[in-house]
Amino acid sequence: MNPEIPPAANAFGPSVRPLLVRRAAVLGAGTMGSRIAAHLANAGIPVLLLDLPPRASDSRSLAAAALEALAKAKPAALYEPQAATLITPGDFDSDLPQISTCDWIIEAVAENLEIKTALLARAAAHLAPHALLTTNTSGLPITRLAATLPATVRRRFFGTHFFNPPRYMRLAELIPTAESDLQLVAALAAFADRRLGKQVVLAHDTPNFIANRIGVAVMFTAANLMLAQGLTIEEVDALTGPALGWPRTGTFRLADMVGIDVLAHVAANFPQGVPQGPFAAMLAQMVQRGWLGDKTGQGFYKKARGADGKEERLVLDLATFDYRPAAKPGLPTLEMVKSAATAPDRLCALLAGDPAKDKAAAFLWPFLAGLWNYAAERVGEVAADAPSIDAALRAGFNWELGPFQMWDAAGVRETVARMQALGLPVTPAIQALLDSAPAPAPVSWYSPDGPQCYNPATGQWESVAQHPGHARVADFRRARGVVHTNPGASLVDLGDGIGCIELHSLKNAIGGDVLSLITAVLHPESDAVRNFAGFVLSGDRDNFSVGANLMQLLLLAQEGEWDEVAAVIRSFQQMTASIKFCPRPVVAAPFGLTLGGGAEICLHAARRQAHAETYIGLVEAGVGLIPAGGGTKEMLLRSLDTAAALVPPEPRDPPSRFAQSAEVATALKRALELIALAKVSTSAADARTLGLLAAADRISMNRERLLLDAKAHALLLAETGYTPPQSRTIPAPGDASLAMLETGVYLMGEAGYASEHDQKVARWAAYILAGGRVTPGAAVTEQYLLELELEAFLSLCGERKTQERIAFTLKTGKPLRN
């Protein structure tokens, strides 16, 4: 029996108060439990992490060992190392009574009903009267786990399913029982949304819940089709990857990452009667051999040294169970659709092929038909509606579109007709939707304007649950239109007097279109500045910006068009200056990769509202350049401000005393390391440690909340009387500091950390950070520092090794250390 979820629990609206979690406990310090504890610590919540007591051969508890392992986890489980201090390890025998001080207790031991039931019973005896108890499982029956708990605890008990690794995987499935207090469910959902950054989906208490039930079934479909059609693992991974808007891992690389044993366990938990085909036997054989994927070094893929000593990737031949060198898939259709701009465009192009002649179409038609049929038949069983299934697959498997959104993109009526013509099954669940409009009129799961979705379980059109606080720029584009636009950027009205400058060029690279729109919009005399009270700088892509348009720069440099290069740099500097000195507050809202020029944009904003997973850095040294859009200048200003905050200069002291102080020297060294080593933050919290985010900047845990959080930040600045900064004149650190910095560069080279060209780049960065070869304390302006940046940039652009670095990066996406 599945509880009737009230609208408040589905919508997590503003009336739902997030659960108050002052301290949490995680029972079970295995891979999942320790990483759940780490992510709670990322959110600033003290955590008690418990597991079995120490073994006779080890004085440490399992939880203490797990805490040590977190520091070395890859990918990193913690936003920054010091977050580990919020985790207190202990053991069940000695420390279980301490959970009485916790507001939320998460049981996360092995996926075994008996083990979980026994531990939950022990934990129930120590719960505070208000505390919430949940079990974290990938598919065990929650109602059976609840049955042995006291009645007073059962109302405060339900299931959670975090996906691994919890820091990076956005999905959190919540699984209430018939006795769960749905207001508590809604409170935890609101907490997980706001504080943990999760896409929360309510699942029914059925085997494997939503995402694993459908996602793993799809993996089995792909594998069994591969065996039936004689395809290779590489071909299926290519067909079930980015071409469909799915991750590059495809099917089998994903299986290796998840673990072959985990995949087999999930499959074993499928309801009786779900066909698993010959692939299930192959999985069992791999588990028997200990080929469990990444955790054991081999699964469907493994790495080995070739005869030449180089590492090569091998792939399992399922016909012989031997490994062979991986080969590039020979699928011309995939190459043809790469130019398609969007996932729907690629999907339609792939399905346009003739299955009798096109290997890709021959695989994708039965594969997608199986996905669509299976998903449609699960509505009402695993979840209340189709949008919940779409959300779970997007967040749990990182699909760009959920199965019903994919079906809409391909055309429901058109694909059903094609499925029937190909002799493929068509679920009866679709018939009522097809009958809702006379043929040949198009039909879709979602209404064209988005607020409703058809529910085959009820036969009704139902409102799609809204999440107040969640928004993307596209939502405002549809609702309010576009004020100004060009191919690289747009100005969109967010309402309440706030405009959004949306970056949307290819990979959000910063070219002339972006420079011109930002500069024009933020000009003090522009209509936008007169009409808006503030601005947000952000976008809807996967990354904020990968930096400047390097291809354009390389072509100009190779042709010796130095006046044009200088003009581009001055335009970039003018753009960042328009951000910094705009009469209205500009809040940058970075996310994902925020590199080079993207970082420089953020440094010049009045404030930054960063997503927790922001990887920001001034990486120009990687291509043999220095930040010349004002980035090096801003790092000098920040260095002086950091030093002044530690030891404020005395008004009567000569400027040279402060400019040569130990505090300034320390701050300059850190700034030089940041630029010369092209450091990139591992999180927004780490960006604050690196000095790329300031104390007044804010962090949004949930990517879906970033835009409106930034809008609120801009509104607050505007309403509290924002005054833009004035261009500064500062005391230059001067030649003494330059000598100190150059000595550090030399020592880096002597130690083997920097090539000769690395050192040349670093010396130019040091030259700007020192304010040039001037007397310590000499007054220099921001414009003077920008001219130093331009001088350095032009000099380095003319270097052969810099041009080689740029060309290599454009070709491979990786830096060249020549």
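Residues numbered from 1 in each chain as written. Predicted model: local features only at pLDDT ≥ 70, side-chain atom pairs only at ≥ 80, totals over all residues. Heavy atoms only, no water.

**Student:** What is the right way to read the packing of helix 29 (residues 662-676) against helix 33 (residues 756-769) from this model?
**Tutor:** In a packed pair of helices, the relevant descriptors are the angle between the two axes and the axis-to-axis distance. Where helix 29 contacts helix 33, the axes come no closer than 10 Å and their chain directions differ by 140 degrees. Taken together, helix 29 and helix 33 sit at an angle that is classed as oblique. In this structure, helix 29 crosses over helix 33, and the sense of that crossing is right-handed. Packed against helix 29, whose contacting residues are Leu668, Ala671, Leu672, Ile675 and Ala676, the element helix 33 presents Ala762, Ala765, Ala766 and Leu769 at the interface. (Axes fitted to C-alpha atoms, helices over the stretch in contact; angles between N-to-C directions. Helix = DSSP H or I, 4+ residues; strand = E, 2+ residues; numbered from the N terminus. Parallel < 35°, antiparallel > 145°, perpendicular 65-115°, else oblique. Left-handed = near helix turned anticlockwise from the far one by under 90°. Contact = heavy atoms within 4.5 Å.)

**Student:** Would you take a moment to explain the sheet that holds strand 5 (residues 132-136) for this structure?
**Tutor:** Note on sheets: strands pair through backbone hydrogen bonds, and any given pair is parallel or antiparallel. The strand order across the open sheet formed by eight strands is 3-2-1-4-5-6-7-8, and the pairing between neighbours is mixed. If you trace the sheet from one side to the other, it starts and ends with strand 3 (87-91) and strand 8 (199-202), each paired once. Between one strand axis and the next, the sheet turns through 25 degrees on average, direction left out of account. Strand direction decides the pairing type here: strand 6 (residues 157-162) and strand 7 (residues 171-175), joined by four bridges, are antiparallel. Its bridge partner lying in strand 7, Phe162 is registered against Ala172. Relative to the sheet, helix 2 (residues 31-42) contacts strand 1 (24-27), strand 2 (47-51), strand 3, strand 4 (104-107), strand 5 and strand 6, its axis offset from that of strand 2 by approximately 170 degrees. (Pairing = 2+ DSSP bridges.)

**Student:** Would you mind going over the side chain of Glu80 with me for this structure?
**Tutor:** With respect to the element layout, Glu80 can be found in the loop between helix 3 (62-70) and strand 3. One polar contact links Glu80 to Thr689, side chain to side chain, over a distance of 3.3 Å. Apart from residues no more than four positions distant in its own chain, Glu80 is found in contact with Ala685 and Thr689. (Polar contact = N/O pair within 3.5 Å; in protein donor to acceptor, adjacent residues only side chain to side chain.)

**Student:** Hey, could you run me through the packing of aromatic side chains in this one?
**Tutor:** Aromatic ring pairs are reported here in terms of the distance separating the ring centres and the angle at which the planes meet. Scanning the entire structure with this criterion turns up 21 aromatic pairs. On the numbers, 6.2 Å between centres and 80 degrees between planes, the contact of Phe252 with Phe279 is edge-to-face. Here Phe279 lies in helix 13 (residues 279-289) and Phe252 lies in helix 11 (residues 252-258), a separation of 27 residues in the sequence. Pairwise contacts between aromatic rings join Phe163, Trp246, Phe363, Phe367, Phe397 and Trp399 into one cluster. Stacked on the ring of Tyr374, the Lys or Arg Arg378 has its end atom at 4.4 Å from the ring centre. Positioned above the aromatic ring of Phe591, the side-chain terminus of Arg703 is 3.9 Å from the ring centre. (Phe/Tyr/Trp six-rings, centres within 6.5 Å; stacked < 30°, edge-to-face > 60°. Lys NZ or Arg CZ within 6 Å of the ring centre and 35° of its normal.)

**Student:** In this structure, what is going on with the pattern of salt bridges? I would like to understand it.
**Tutor:** Oppositely charged side chains are able to pair whenever their charged atoms sit close together. Using the criterion set out here, one finds 35 salt bridges in the structure. A salt bridge links Glu179 to Arg154; the nearest nitrogen and oxygen atoms lie 2.9 Å apart. In this pair, Glu179 sits in the loop between strand 7 and helix 8 (182-194) while Arg154 sits in helix 7 (residues 151-154), placing the two residues 25 residues apart along the sequence. Residue class for Glu179 comes out partly exposed when judged on its relative accessible area of 45%. By relative accessible area, which is 18% here, Arg154 ends up buried. The partner of Arg705 in a salt bridge is Asp193, with the nearest N and O atoms 2.8 Å apart. Of this pair, Arg705 sits in the loop between strand 22 (698-700) and helix 31 (706-719) while Asp193 sits in helix 8, and the two are 512 residues apart along the sequence. Accessibility classification places Arg705 together with Asp193 in one group, the buried group. (Salt bridge = Lys/Arg side-chain N within 4 Å of Asp/Glu carboxyl O. Buried < 20%, exposed > 50% of the residue type's maximum accessible area, 1.4 Å probe, protein only.)

**Student:** Explain the nonpolar core here, please?
**Tutor:** If you look at soluble globular proteins, the nonpolar side chains tend to sit buried side by side. Counting residues in each nonpolar core, the largest one holds 121 residues, and the members touching the most others are Ile99, Phe300, Phe367 and Trp445. With 13 residues, the single largest contributor to this core is helix 16 (residues 359-378). In this view, Phe367 contacts Val218, Thr221, Ala222, Leu225, Thr240, Leu244 and Trp246; residues no more than four positions away in its chain are not counted. Grouped together as the second largest cluster of nonpolar side chains are 103 residues, Cys500, Val521, Val536 and Ile616 included. (Core = buried A, V, L, I, M, F, W, Y, C linked by side-chain atoms within 4.5 Å.)

**Student:** Which parts of the structure should I look at to understand a negative patch on the surface?
**Tutor:** On the surface, Glu559, Glu561, Asp563 and Glu564 cluster together into a patch of negative charge. The exposure class assigned to Asp563 is exposed, which follows from its relative accessible area of 70%. (Patch = residues over 30% accessible without salt bridge, like charges linked within 9 Å, V, L, I, M, F, W, Y side chains within 5 Å. Areas by Shrake-Rupley, 256 points an atom, 1.4 Å probe, with all protein chains shown as cover. Lys, Arg positive; Asp, Glu negative; His and termini not counted. Charge placed at Lys NZ, Arg CZ, Asp CG, Glu CD.)

**Student:** What is the right way to look at the sheet that holds strand 16 (residues 498-503) in this model?
**Tutor:** Judged by pairing direction, the sheet is mixed, and its seven strands sit side by side in the order 14-15-16-17-18-20-22 without closing on themselves. The open sheet has two free edges, formed respectively by strand 14 (482-485) and strand 22, since each of these has just one partner strand. Across the sheet, the axes of successive neighbouring strands diverge by a mean angle of 20 degrees, strand direction being ignored. Of the strand pairs in this sheet, strand 14 and strand 15 (residues 489-493) are connected by three bridges, and their pairing is antiparallel. Bridge pairing in strand 15 places Val482 opposite Val492. Relative to strand 20 (residues 607-611), helix 31 is tilted by about 165 degrees, and along the sheet it contacts strand 16, strand 17 (534-538), strand 18 (586-588), strand 20 and strand 22.

**Student:** Explanation requested: the confidence of the model for the chain in the structure shown.
**Tutor:** Where the model shows low pLDDT, its predicted coordinates should not be examined in detail. Here the chain averages 94 in pLDDT, while 98% of its residues score no lower than 70. Taken as a whole, residues 5-11 scores under 50 in pLDDT and shows 18 contacts with residues more than four places along the chain or in a different chain. (pLDDT = per-residue confidence, 0-100.)

**Student:** What am I meant to see in unusual backbone geometry here?
**Tutor:** Excluding glycine, residues mostly carry a negative phi; peptide bonds, for their part, are mostly trans. Pro75 follows Lys74 through a cis peptide bond whose omega is 0 degrees. Note that Pro75 resides in the loop between helix 3 and strand 3. In the Ramachandran plot, Asn208 falls in the positive-phi region, its phi being about 70 degrees despite a non-glycine side chain. Within the element layout of this structure, Asn208 appears in the loop between strand 8 and helix 9 (211-229). One non-glycine residue, Asn398, lies in positive phi territory at about 60 degrees. Topologically, Asn398 is positioned in the loop between helix 17 (386-397) and helix 18 (403-410).

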